[in-house]
Amino acid sequence: MNTLTNRSYTNLFLLPAGIVYFVFFLLPTILSFFFSMTWWTLTDWKFIGLENFKTFLSEESLNIGFKNTIIYAVVTCALKVILGLLLGVFLSSRLRTVGFIRSMVFFPTLLSTVAVGIAFSTLMHPSQGMINAALAAIGIAGPDWLGDIQIALLSVALVDVWKGVGLATVIFIAGIMSIPEDYYEALMIDGGNTWNKFWNIIVPLSRPAMNTVIILAFIGGLRSFDLVWAMTKGGPGFSTDLIASIIYKQYQAGFYGLSTAGNVILFILVSLLAFPLYAYLNRKEVDL
Amino acid sequence: MRKKKIFSLLGSTVLMAGLLSACGSEEGSSAGGGSSEQTTLTLLRDTQSSQEGMNAVAKLVEEKYGIKTEFETRPGGTEGDNIVKTRLATGDMADIAFYNSGSLMQALNPEKNFVDLTNEPFMENVMDSFKETVTANGKVYGAPALPVSVGGWFYNKKVYKELGLSVPKTWDELMANNEKIKKSGKTAVIGSYKDTWTSQLIVLADNHNVIAEDPSFPEEYTANKAKMATTPAALKSFEKLQEVHDKGYMNEDFLATTYDNALKMLAEGTGVHYPMLSQVIPSIEKNYPELVEDIGVFPQPGDSAEKNGFTVWMPAAFYVNKNSENVDAAKKWLEVYLSQEGIETYLSATKPEGPFAVEGVELPDDVYGAVKDMMPYFDSGKTTPALEFLSPIKGPNLQQITTEVGSGIKSAKEGAKSYDTDVEKQAKQLGLEGW
């Protein structure tokens, strides 16, 4: 029965989805590669080769975002993995209030990023913010979290971790729960302690979960934008600018070609970092 | 049979897409009710500018011609630029657009998007210095929407009296005043860099001094023959900003202070100077009406007391959308707005923050004290438009760069240099010659 009619009939069903995918995803992607090499005013364009890329890479206020983006991605990713794993272990135990604590940890994930950003920028106000008021109460002079260019980026990264660690924790809990009981029994027979349980069973066997978290958090960190924009708008000066926020500012200024070039650069950067990372992590996975 | 199916599928997809896109554009035109005799104009304006005057005139237009006005709002600043540019590019602009004059307006491609108002009779009385800022290729596109405003140092007169200070005529006198205010324990200069745009004021309001020293700067700057960093007069603007920071005259938490906080400090006198635009006055009137007469203003001084004068900001303008179906109604709207009757209506609804860009308009006697401070400079012609009205180039990152200079991350020279590379992008985007 597997005739030509039959096959083309089923292919027809793919068409609507295919068209939507082509018009809204493939076409813009292809066009963006083209427009990144033009001088563009949305209605009018002129081909200028790689000029936009040269501008983007040679200007200090533009390429400051590279360093920041990498720092931001690495810091948020690392903290989410470490804290997520620890919380995951803690919350997959048979604690009585575990359901409640799990929801507490997951709760920030549900909040709007912009709302979180605005709330924290108020909390982090150097003289009237609650965080510094609390620190002052125990005799510590809190820093200017978002105004000091040395720590502003880290402050934003910490808020990102606070907001994102819930999701990482849930993934870890799922991973830890799926480890069969046999391993723990074997450990008990061999006389292993709690540390062995953590280091020799949970860590290696929750590897798939860890890889998911690393990839999600790392890519999320690389293209992060909303939180930084809500908290600092890339400031003071350019000190917390990420590639995405720089692109947005170029777009706002009406430099459409230049901002498209920035997007292509971001695309290449994410691909260059994420694919090898993904391949590397997959090789290290252990079968259950 | 099968062909039919393909077509119906394709058809439904197209219909779907059409439906979706229609959702976006309908809100503006349908909401005003559909009767064909009555025209409803849409007007897109920002949320920051004074609205009472416009609303009053809109009512007058409705009474006179039965033309209703529906105001659409957008944020100000760069977010607003975005919305305006996007709506123009997608053909979704309101009938009348409220938008900046000067360099920002040049970036909108006015010839393509707006109706030429050069020969409209209602434009006759509009000041030439304003017209210049809404002119592209010899054609005038905008009608002044608000009074002219100045950029200068707003100060608290009460504190000035308490400390026995007098209005400074030179930069050195201003710095001496700052020193005394600092010693008295008050904030000498209010910084509100949480709203980054406010960090630009010391640099921008210095243009009168720049031009006084180097009159040909704007042309040479536009032609890429002069740079900020290498023109001493222009570099001085950045140095003034750096000096204010280096001497510690600003409030300690200036990076976390907002424009609204700053207004409070100025009104209550905990902060004494605030380099700002005239919009400060109506905002203080709104929030601290009993304190508004404590506020005065003086121009940012230069080296010589004789050359003292204000840097002025030409007001935003109304532009008529070329693709609008109601061009005639929109012109009528503007005609009323700029008529004697319209301006009187405007003045009865709100006190102006400065003189109008229309000739022959007398301001009432009960204007704000700060406006009275400005008038002598206008009457004697000691005003210069800000650089953004004399040259189409304004780099988009100036507010980040002035934040850097004003908070000591960069020196004045470094800041001026990075601004020079910043404007390069703008000049290239505009396709100017010599870049």
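Residues numbered from 1 in each chain as written. Chains lettered and ligands numbered in written order. Predicted model: local features only at pLDDT ≥ 70, side-chain atom pairs only at ≥ 80, totals over all residues.

We now examine the interface of chain A and chain B. On the side of chain B, 29 residues touch chain A, which itself brings 29 residues to the contact. When residues of the side of chain A that touches chain B are traced back to their parent elements, those giving at least two are α1 (4–35), α3 (60–91) and α12 (243–252) of chain A. Here the side of chain A that touches chain B is built from residues that sort into 13 nonpolar, 11 polar and five charged. (Contact = placed C-beta atoms within 7 Å. Helix = DSSP H or I, 4+ residues; strand = E, 2+ residues; numbered from the N terminus. Nonpolar A, V, L, I, M, F, W, Y, C, P; charged D, E, K, R; others polar.)

Further remarks concern the packing of helix α10 (residues 207–222) of chain A against helix α13 (residues 256–284) of chain A. Each pair of packed helices can be described by the angle between their axes along with the distance between the axes. All names here are of chain A. Two elements in contact, α10 and α13, have axes separated by 10 Å at closest approach and are oriented at 175°. The angle between the axes of α10 and α13 places the two elements in the roughly antiparallel class. Residues R207, N211, I214, I215, F218, I219 and L222 of α10 form the contact with α13, whose participating residues are L269, V270, L273, A274, L277, Y278, L281, N282 and K284. Of the residues that constitute the contact of α10 with α13, the class distribution is 12 nonpolar, two polar and two charged. (Axes fitted to C-alpha atoms, helices over the stretch in contact; angles between N-to-C directions. Parallel < 35°, antiparallel > 145°, perpendicular 65-115°, else oblique.)

Residues and elements named next belong to chain B. In terms of domains, chain B is made up of domain 1 (36–148 + 314–349) and domain 2 (150–313 + 375–430). Here the C-alpha centre of domain 2 lies 29 Å away from the C-alpha centre of domain 1. Contacts between the two partners involve 11 residues from domain 1 and, on the opposite side, 12 residues from domain 2. Grouping the constituent residues of the side of domain 1 that touches domain 2 by class yields three nonpolar, eight polar and no charged. (Domains from an automatic or database assignment.)

For the rest of this paragraph, the subject is the pairing of strand β11 (residues 310–313) of chain B. Residue and element names in this part refer to chain B. Residues F310 and V312 point to one face of β11 and T311 and W313 to the other, with burial holding for every one of them. Bridging between strand β7 (residues 149–156) and β11 involves three bridges; their strand directions are antiparallel. Directly across from S149, in β11, lies its bridge partner W313. Pairing of β11 with strand β13 (residues 383–385), which is carried by three bridges, proceeds in the parallel orientation. In the strand pairing of β13, V312 is matched with P385. (Buried ≥ 20, exposed ≤ 12 C-beta atoms within 10 Å, placed from the backbone. Pairing = 2+ DSSP bridges.)

For the rest of this paragraph, the subject is helix α8 (residues 171–183) of chain B. All names here are of chain B. Here α8 spans 19 Å end to end across 13 residues, near enough to the 18 Å set by a 1.5 Å rise per residue. Those residues of α8 that fall on the buried side of the exposure criterion are L174, N177, N178 and I181. What you see down the axis of α8 is that its buried residues fit within an arc of 105°, all on one side. For α8, exposure combined with an orientation more than 90 degrees from the buried face picks out D172 and K183. Where α8 is buried, its residues contact β8 (187–189) and β9 (271–277). One or two residues past the end of α8 sits G185, with phi positive at roughly 90°. (Expected span 1.5 Å × (residues − 1). Arc of directions from axis to C-beta.)

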